[in-house]
There are 2 protein chains.
Amino acid sequence: MNHENQRKMKLREIGEFGFIERFSPEFKSLQTQDITGIGDDCAVLPMNESEDLLVTTDMLVEDIHFLRDGITPRQLGYKSVAVNLSDIAAMGGEPLGTFLSIAIPPEIDVEYLDELMKGYHEISVKYKVPLLGGDTTRSVKHLAINVSVLGKCPKGMARLRSMAETGDVICTTGYLGDSGGGLKVLLEKVALTANCDNLLKRHHLPEPRLPEGRFLQDFPGVHAMMDVSDGIASDLKHILKASGKTARVHLDQLPVSHSLRKVCEEQRWNVEELATGGGEDYELLFTVEGQQLEKLQEEFLRKFNQPVYPVGTIEEGEPAIQWFRNGQAVTFAKGGFNHFL
Amino acid sequence: MNHENQRKMKLREIGEFGFIERFSPEFKSLQTQDITGIGDDCAVLPMNESEDLLVTTDMLVEDIHFLRDGITPRQLGYKSVAVNLSDIAAMGGEPLGTFLSIAIPPEIDVEYLDELMKGYHEISVKYKVPLLGGDTTRSVKHLAINVSVLGKCPKGMARLRSMAETGDVICTTGYLGDSGGGLKVLLEKVALTANCDNLLKRHHLPEPRLPEGRFLQDFPGVHAMMDVSDGIASDLKHILKASGKTARVHLDQLPVSHSLRKVCEEQRWNVEELATGGGEDYELLFTVEGQQLEKLQEEFLRKFNQPVYPVGTIEEGEPAIQWFRNGQAVTFAKGGFNHFL
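Anyway, here's the lowdown on the structure attached to this text. All values reported here derive from a predicted model rather than from experimental measurement.

Some points on the overall build of chain A
Argument step 1. Along chain A, the regular secondary structure elements total 11 helices and 13 strands.
Argument step 2. Along the three orthogonal principal directions, the C-alpha set of chain A runs to about 60 × 55 × 55 Å.
Argument step 3. Among the 341 residues that make up chain A, the fraction classed as buried is 57%.
Argument step 4. In chain A, 81% of the contacts between residues at least 6 apart in sequence involve partners at least 24 apart.
Argument step 5. Of the roughly 14500 Å² that chain A leaves accessible, carbon and sulfur atoms contribute 49%.
Argument step 6. In chain A, which carries 36 positive and 50 negative side-chain charges, the distance between the mean positions of the two groups comes to 3 Å.

Dropping the structure here:
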């Protein structure tokens with residue numbers, strides 16, 4: 001590629017991960033061996049004799065991640081903390097404190113900000129995590145919210161994406177596609193039903209799986225873990241790439257809520273596409289030794305009154321997902337999954 | 001104030017600190033006693049038996065904190081880390097790692113981002129601090145950069161704003177007003193001279209006073225410390241408010257560089273106004289016991305080949321600054337300092 005072409009190259013051509021790969025190797029040498037840096041849900045640093053420190057940060061930008069008239073300020077405050085706590089949950093950690101940077105355009109009034117901080121406070125109380133600092137600034141046009149969260153977990157016990165092992169069963173902690181369905185309800189201005197409301201609630205008020213994450217981190221045989229933020233079709237690939245494994249996933253085993261199934265039927269939406277690629281579900285995606293699965297399912301159900309859902313297996317091979325429907329291999333193309341031609 | 005008025009109240013009317021005061025008390029109860037949260041340069045958390053953890057975060061927004069054609073991307077990358085490392089320096093800490101969230105508008109090309117990351121890398125190498133994570137996202141129009149930094153310092157030894165004591169001498173580690181002068185050179189499109197270049201360099205490439213901060217944290221008799229980000233007229237008030245003290249500051253003792261003095265003469269700018277209110281100098285502002293001052297000055301000069309500058313004293317009284325010029329009390333009004341009428 002010549003210099004002229006390179007000058008014109010835009011971020012969308014190389015993508016977020018392409019951009020990160022351009023600079024991250026150069027920073028690697030500044031890092032000590034005992035640190036897990038770029039590439040997992042959280043960074044992991046040594047903290048003391050018995051605990052590691054976890055750090056995560058996420059930015060929500062108006063008109064990219066949310067529309068100001070599509071989400072109430074209270075929901076936005078709640079969600080901006082929830083998506084970060086979900087990263088702590090994904091390591092099996094416990095949150096210690098949050099930090100809020102907010103860039104505020106001139107027309108936003110104090111009542112809006114008060115509501116936003118009410119939502120922020122609500123989830124902070126729910127998960128007992130203090131707001132410890134941040135930065136408040138003006139912005140010209142768009143609201144931008146960056147939340148950083150510190151957490152901790154028992155030393156050496158953070159569940160990394162790189163920990164998947166051959167023979168592991170891939171599981172999720174809850175329904176997939178609801179949040180993506182909620183977003184579609186918003187964008188396509190679907191007439192609201194109770195089912196639509198359920199999807200919108202999952203989109204606006206995601207629940208970080210913190211107790212579930214801690215339970216799983218501590219459960220013998222649970223290996224890799226992450227949260228489902230982009231949809232499992234994309235997220236599972238991070239586990240496969242980091243672990244150097246392949247996966248078989250069964251579309252018919254993906255947990256789909258009654259509400260999503262109903263709305264998909266009514267609107268003729270492709271339910272498999274939402275369940276695999278919808279994003280923002282913030283359920284946990286993890287792998288567990290096959291022989292531990294049954295015990296895990298029993299204990300999880302007893303503790304959380306919710307099942308875990310096995311959706312596939314980890315195998316030796318190239319980092320890619322092989323999809324199956326009722327035992328038949330299918331392939332994903334624009335518009336959905338199809339049988340091989 | 002009735003509800004209708006409250007609905008229309010804007011952030012500019014209550015200010016950044018007014019906004020923070022609206023919500024911070026409610027969060028206080030979530031915080032344990034051993035944590036220093038909102039209100040200092042960094043949050044301070046217990047980390048292990050011998051060290052405390054420091055956390056700071058700062059957001060730079062295009063057209064608010066910088067103009068895209070007013071600073072090179074390399075300088076911007078450098079500065080976005082420098083302003084955060086300065087907060088670690090202000091506690092007397094040592095940086096452990098940085099986290100970068102960046103929202104990128106569509107027209108920014110990869111070359112710009114590569115340059116930005118070169119500047120980010122340059123300062124990361126200089127202060128041996130790894131980049132450990134972050135978030136890359138799109139933005140509609142404006143570039144926004146949030147950097148969070150973790151650091152550490154010996155347990156219980158972080159220099160807080162609340163630690164000033166009556167009889168302390170107020171000092172800074174370097175020239176005041178250079179960065180504000182640089183900004184004025186930019187905004188007023190002053191024809192560039194070598195002196196202007198010096199001011200621009202201080203504006204674009206501020207140097208965090210990390211070794212100086214660690215030295216001061218460890219020096220007996222050094223009490224309160226912070227960095228000069230808004231100008232000492234504003235910053236010193238935070239120390240006074242947090243410590244419940246008053247201050248006397250001598251305008252004729254404020255350290256002003258030859259370059260700033262020259263450019264102010266040429267452009268007929270008020271040098272006192274820039275030195276007290278210019279902002280973004282990122283020098284350290286600290287208080288030290290009177291009887292330790294001489295020893296500190298000697299050791300600092302020997303170690304850093306730079307003097308520390310005493311500019312005033314801490315006294316009993318209301319949190320306010322009393323200004324003096326050549327021993328005469330003066331008062332600040334729009335346009336500069338004046339003798340009392």
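Brief notes about the packing of helix α7 (residues 210-218) of chain B against helix α11 (residues 293-304) of chain B
All names here are of chain B.
Argument step 1. As a packed pair, α7 and α11 sit with axes 12 Å apart at the nearest point and diverge in direction by 150°. Classified by chirality, the crossing of α11 by α7 is right-handed. Taken together, the residues of α11 that come into contact with α7 (itself represented by Pro211, Glu212, Phe215 and Leu216) are Leu296, Glu299, Phe300, Lys303 and Phe304.
Argument step 2. Of the residues belonging to the contact of α7 with α11, the class tally is 6 nonpolar, no polar and 3 charged.

Examining the interface of chain B and chain A
Argument step 1. The partner chain A presents 73 residues to the 73 residues of chain B that form the contact.
Argument step 2. Taken together, both faces of the contact between chain B and chain A bury some 6200 Å²; the carbon and sulfur share is 69%.
Argument step 3. Between Arg22 of chain A and Asp114 of chain B there is a salt bridge; the shortest N-O distance is 2.6 Å.
Argument step 4. Our count for the chain B to chain A interface comes out at 19 residue pairs in polar contact (both at pLDDT 80 or more).
Argument step 5. At the level of elements, α1 (3-8), α2 (11-28), β1 (43-46), β2 (51-61), β3 (94-104), α4 (110-126), β4 (131-138) and β5 (144-154) of chain B are the ones that each hand at least two residues to the side of chain B that touches chain A.
Argument step 6. If one sorts the elements of the side of chain B that touches chain A by residue count, α2 of chain B sits on top with 10 residues.
Argument step 7. When its residues are assigned to classes, the side of chain B that touches chain A shows 38 nonpolar, 17 polar and 18 charged.

A word on a nonpolar patch on the surface
Argument step 1. A surface patch of nonpolar side chains, amounting to about 320 Å² of accessible area, comprises Leu67, Leu183, Leu186 and Leu187 of chain B.
Argument step 2. Structurally, the position occupied by Leu183 of chain B is in helix α5 (residues 178-187).

A short note on the pattern of salt bridges
Argument step 1. Here the structure, examined in full by the defined rule, presents 40 salt bridges over all chains.
Argument step 2. When salt bridges with common partners are traced through the structure, they connect Asp178, Arg202, Arg209 and Glu283 of chain A into a single cluster.

With respect to the relation of the copies chain B and chain A
Argument step 1. Take chain B, turn it by 180°, move it 0.0 Å along the axis, and it overlays chain A with an RMSD of 0.0 Å. The superposition of one copy onto the other is thereby described by a two-fold rotation axis. Within chain B, Asn48 of chain B has its C-alpha nearest the rotation axis, a separation of 2.5 Å.
Argument step 2. When you check the interface residues of chain B against chain A, 100% turn up at the interface there too, and the contact is symmetric in its surfaces.

Let's talk about unusual backbone geometry
The general pattern is negative phi for most residues beyond glycine and trans for most peptide bonds.
All names here are of chain A.
Argument step 1. With a phi close to 55°, Lys128 is a non-glycine residue in the positive phi region.
Argument step 2. Within the secondary structure layout, Lys128 lies in the loop between α4 (110-126) and β4 (131-138).
Argument step 3. Residue classification places Lys128 among the exposed positions, given a relative accessible area of 65%.
Argument step 4. The phi dihedral of Tyr282 falls on the positive side, at around 55°, and the residue is not glycine.
Argument step 5. With respect to the element layout, Tyr282 can be found in the loop between α10 (271-277) and β9 (284-288).
Argument step 6. By relative accessible area, which is 7% here, Tyr282 ends up buried.

With respect to the packing of aromatic side chains
Argument step 1. Under the criterion given, the structure shown has 16 aromatic pairs over all chains.
Argument step 2. With a centroid separation of 6.1 Å and 85° between ring planes, the pair formed by Phe23 of chain A and Phe27 of chain A is classed as edge-to-face. Of this pair, Phe23 of chain A and Phe27 of chain A both sit in helix α2 (residues 11-28), 4 residues apart, roughly one helical turn.
Argument step 3. Overall, Phe23 of chain A belongs to the buried group, its relative accessible area being 8%.
Argument step 4. Ring geometry for Phe215 of chain B against Phe300 of chain B: centres 5.8 Å apart, planes inclined by 70°, an arrangement best described as edge-to-face. Highlighted residues: Phe215 of chain B in helix α7 and Phe300 of chain B in helix α11, separated in sequence by 85 residues.
Argument step 5. Exposure remark for Phe215 of chain B: the relative accessible area of 12% places this residue in the buried category.
Argument step 6. What links up through ring pairs into an aromatic cluster is the set Phe19, Phe23 and Phe27 of chain A together with Tyr120 of chain B.

Looking at the state of the cysteines
Argument step 1. Applying the stated criterion across every chain yields a total of 0 disulfides over all chains.
Argument step 2. Here Cys196 of chain B is not cross-linked by a disulfide; its sulfur's nearest cysteine counterpart is in Cys264 of chain B, at 10 Å.

Looking at the sheet that holds β4 of chain A
All names here are of chain A.
Argument step 1. Pairing within the open sheet is mixed, and its 5 strands lie in the order β1-β2-β5-β3-β4. The open sheet is flanked by β1 (43-46) and β4, the only strands paired with a single partner. With strand direction ignored, the average angle separating the axes of adjacent strands in the sheet is 15°.
Argument step 2. Bridge count for strand β3 (residues 94-104) against β4 is 7 bridges, and the pairing is parallel. Among the inter-strand pairings, Phe99 is bridged to a residue of β4, identified as Gly133.

Observations regarding α5 of chain B
Owing to its 3.6 residues per turn, the α-helix brings residues three or four apart onto one side.
All names here are of chain B.
Argument step 1. Asp178, Ser179, Gly180, Gly181, Gly182 and Val185 are the residues of α5 that are buried.
Argument step 2. Of the surrounding secondary structure, the elements contacted by the buried residues of α5 are α6 (194-204), α9 (258-267) and α10 (271-277).
Argument step 3. Residue Lys189 follows α5 closely and has a positive phi angle near 45°.

Conventions used here
Residues numbered from 1 in each chain as written. Chains lettered and ligands numbered in written order. Predicted model: local features only at pLDDT ≥ 70, side-chain atom pairs only at ≥ 80, totals over all residues. Heavy atoms only, no water. Helix = DSSP H or I, 4+ residues; strand = E, 2+ residues; numbered from the N terminus. Buried < 20%, exposed > 50% of the residue type's maximum accessible area, 1.4 Å probe, protein only. Contact = heavy atoms within 4.5 Å. Areas by Shrake-Rupley, 256 points an atom, 1.4 Å probe, with all protein chains shown as cover. Lys, Arg positive; Asp, Glu negative; His and termini not counted. Charge placed at Lys NZ, Arg CZ, Asp CG, Glu CD. Axes fitted to C-alpha atoms, helices over the stretch in contact; angles between N-to-C directions. Left-handed = near helix turned anticlockwise from the far one by under 90°. Nonpolar A, V, L, I, M, F, W, Y, C, P; charged D, E, K, R; others polar. Buried area = accessible area lost by both parts, 1.4 Å probe. Salt bridge = Lys/Arg side-chain N within 4 Å of Asp/Glu carboxyl O. Polar contact = N/O pair within 3.5 Å; in protein donor to acceptor, adjacent residues only side chain to side chain. Patch = residues over 30% accessible without salt bridge, like charges linked within 9 Å, V, L, I, M, F, W, Y side chains within 5 Å. Least-squares fit on C-alpha atoms with pLDDT ≥ 70 in both. Phe/Tyr/Trp six-rings, centres within 6.5 Å; stacked < 30°, edge-to-face > 60°. Disulfide = S-S within 2.5 Å. Pairing = 2+ DSSP bridges.

None of this, on its own, says anything about what the molecule does.
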